[in-house]
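Okay, here's what each chain looks like letter by letter:
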Amino acid sequence: MGKLTGKRAARSDRGPDVLRARARTALGKVAPALGSAREKAAAVAGPVRTRLGPAWATVTPAARALLLICVAAWLGAAFGGWEEMAIVAAGIVTLLVLAALFMVGHTNLEVKLTTEPPRVTVGDPVTGEVEVRNQAKTPLLPVRLELPVGRGGVAFDLPALRPGNTHAELFVVPTERRGVIEVGPVTTGRGDPLGLFRREVTWSEVHEIFVHPVITPLEPLGAGLIRDLEGNTSENISQSDLAFHALREYAPGDDLRHIHWRSSARHGQLLVRQFLDTRRSHLNIVVDSDPASYRDEEDFELAISAAASLLVRAIMDGYDATFLCGEHAMTRGTGRSALDACSRAELSKHRFVDVAGRGSRLAPDTSLVCLVTGPHAPFTTLQRAAAHFPIEVGTIAMVVDPTASASLKSVADLPLLTLGALSELPGLLKWGL
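Below, the structure is looked at part by part. A quick note: this is a predicted structure, and the numbers were derived from the prediction, not measured.

1. Observations regarding the pairing of strand β9 (residues 198–202)
Bridge count for strand β8 (residues 187–191) against β9 is 5 bridges, and the pairing is antiparallel. Of the residues in β9, the one forming a bridge with glycine 191 is arginine 198. Connecting the antiparallel pair β8 and β9 is a turn made up of 6 residues, with glycine 195 showing a positive phi of about 75 degrees.

2. Comments concerning the packing of helix α2 (residues 61–80) against helix α3 (residues 83–100)
A packed helix pair is summarised by two numbers, namely the angle formed by the two axes and the spacing between the axes. Here α2 crosses α3 at 150 degrees, and the two axes come no closer than 8 Å. For the element pair α2 / α3, the angle class is roughly antiparallel. Judged by the twist between their axes, the crossing of α2 over α3 is left-handed. Each of Ala63, Leu66, Leu67, Ile69, Cys70, Ala73, Trp74, Gly76 and Ala77 in α2 lies in contact with α3, whose residues at this interface are Met85, Ala86, Val88, Ala89, Ala90, Ile92, Val93, Leu95 and Leu96. Counted by class, the contact of α2 with α3 contains 17 nonpolar, 1 polar and no charged residues.

3. Describing the sheet that holds strand β20 (residues 414–419)
Taken in spatial order, the 7 strands line up as β16-β15-β14-β17-β18-β20-β19 in an open sheet, and their pairing is mixed. Lying at the two open borders of the sheet, with one neighbouring strand each, are β16 (328–331) and β19 (407–411). Recorded for the sheet is a direction-independent mean angle of 15 degrees between the axes of neighbouring strands. In this sheet, β20 lies alongside β19 in antiparallel orientation, the contact comprising 5 bridges. Paired with serine 410 across the strands is proline 415, a residue of β20. Docked against the sheet, helix α6 (residues 335–344) engages β15 (320–325) and β16, running at close to 170 degrees with respect to β16. Most of the contacts of helix α7 (residues 352–362) go to strand β14 (residues 282–287), to which it runs at about 160 degrees, and overall it touches β14, β15, β16 and β17 (368–373).

4. Quick notes on unusual backbone geometry
The step from glutamate 116 to proline 117 runs through a cis peptide bond, and the omega angle for that step is -5 degrees. Tracing the chain through its elements places proline 117 in the loop between β1 (109–116) and β2 (119–121). Cis rather than trans, the peptide bond between glycine 184 and proline 185 has omega equal to 0 degrees. Looking at the secondary structure, you find proline 185 in the loop between β7 (179–183) and β8. Unusually for a residue other than glycine, arginine 332 sits at a positive phi of about 50 degrees. With respect to the element layout, arginine 332 can be found in the loop between β16 and α6. Phi angles above zero are rare outside glycine, and alanine 412 is one such case at about 55 degrees. In this fold, alanine 412 is placed in the loop between β19 and β20. For alanine 412, a relative accessible area of 55% corresponds to the exposed category.

5. Section: α2
An α-helical turn contains 3.6 residues, so any two residues separated by three or four positions project in the same direction. Here α2 is 20 residues long and its end C-alpha atoms lie 28 Å apart, about the 28 Å a rise of 1.5 Å per residue gives. Positive backbone phi, at 75 degrees, marks glycine 81, one or two positions downstream of α2.

6. A few points about the nonpolar core
With 39 residues, the main nonpolar core has Ile285, Val287, Phe323 and Met398 as its most contacted residues. Within the residue set of this core, elements represented by two or more residues are β14, α5 (297–316), β15, α6, β17, β18 (394–400), β20 and α9 (425–432). Looking at this core, the element that brings in the most residues is α5, giving 11 residues. Setting aside its immediate chain neighbours within four residues, valine 287 contacts Tyr294, Phe300, Ala303, Ile304, Ala307, Phe323, Leu324, Cys325, Gly326, Phe352 and Val372. Among the nonpolar cores identified, the runner-up in size contains 23 residues, and Val130, Leu140, Leu158 and Trp203 belong to it.

7. Regarding the pairing of strand β4 (residues 143–149)
Burial along β4 is one-sided: Val143, Leu145, Leu147 and Val149 are buried, and none of Arg144, Glu146 and Pro148, which face the opposite way, are. Note that β4 and strand β5 (residues 152–158) share 7 bridges and pair antiparallel. Within β5, the residue paired with valine 149 across the bridge is glycine 152. In this structure, the hairpin formed by β4 and β5 is closed by a connection of 2 residues, where glycine 150 is found at a positive phi of approximately 60 degrees. Across 3 bridges, β4 lies against β8 in antiparallel orientation. Residue pairing in the sheet places arginine 144 in a bridge with glycine 189 of β8.

Criteria and cut-off values
Residues numbered from 1 in each chain as written. Predicted model: local features only at pLDDT ≥ 70, side-chain atom pairs only at ≥ 80, totals over all residues. Heavy atoms only, no water. Pairing = 2+ DSSP bridges. Helix = DSSP H or I, 4+ residues; strand = E, 2+ residues; numbered from the N terminus. Axes fitted to C-alpha atoms, helices over the stretch in contact; angles between N-to-C directions. Parallel < 35°, antiparallel > 145°, perpendicular 65-115°, else oblique. Left-handed = near helix turned anticlockwise from the far one by under 90°. Contact = heavy atoms within 4.5 Å. Nonpolar A, V, L, I, M, F, W, Y, C, P; charged D, E, K, R; others polar. Buried < 20%, exposed > 50% of the residue type's maximum accessible area, 1.4 Å probe, protein only. Expected span 1.5 Å × (residues − 1). Core = buried A, V, L, I, M, F, W, Y, C linked by side-chain atoms within 4.5 Å.

Here it is in structure tokens:
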């Protein structure tokens, strides 16, 4: 009896291990089969999804709600014996089929979207044209064209077109506000009168129109010029610099030390050396984008106009220029790219001090920095922003405040300009730079 009991105990101990081993073996056989089945299902579902996906996208939420009601009605008729529910389901199916007939057919158009000019100043007119050509072999029924323009949009009712015929529509882009206006894409919508099905087709790309800020002409800037051996030569002629340019005839008042005696003896007349200015001038303008620093959006627009005026003048003078406002930045660009960057600037919650720090890293060779903010910004914020730049960099702060008169003062060794109107900027810079 003792031996029999021991054998039974041994069998009972091995029982769970044997079951687990068999289970692992079975799972090992089932897992590959499941994986293979999943791959086959994906291979079958992929083409089906590709074909049915666009069709399902044309079904509006209203039609999908009707489909759910139809399924519920059929279930009620089949399992509840409600004949009325069968009539409701049949009516819904008939309605959906009739609505789907409006989607039969294919539109083949060639659409050209043009806008001119692509860059304007605030208030300047911009016109656009949409030209549509029917490329199909069958006549085109009347269709509605939709064109987004900025935050709004326009719509055109395209008349019936024979194959190969064209139709053009003109529109005007509003430019009362600075910014970047996106025009397009042109789309057509086709659907049924009940709004159960709708298909939209895109026919053009998006065009960007840059509305530049209003600027005021400024006198040439004279600050921030640091001459050195490693500077880049400019096109400005100088009588005393490091980059030799050419010889010219002597004129009364020229420095006698610049006479080239050998060339003068060879040509029989006095010749003096001419030089090109070498400079590493870099104007860095940082505009505060925090809405809390301004009374309203008009104050911010004045700040952008003042910055744009400085940028254009600096680039015309041959300086390198950098502009930062919030997340937008531009460095060492042309006048067009500088104004484009000003067009993209917008109010945001970026900290002015952090943006100034990014400006110092973006342009480490800055020789003059201008910090522009609104009347509600604390002066300590300007000081902290200026601290990101080396001590040898010239720094000025500008506060735009239309309610205050133009003034210039020095606070804690930081020149502070108060700008009330854009027309006051030339006079302020004459005394502040």
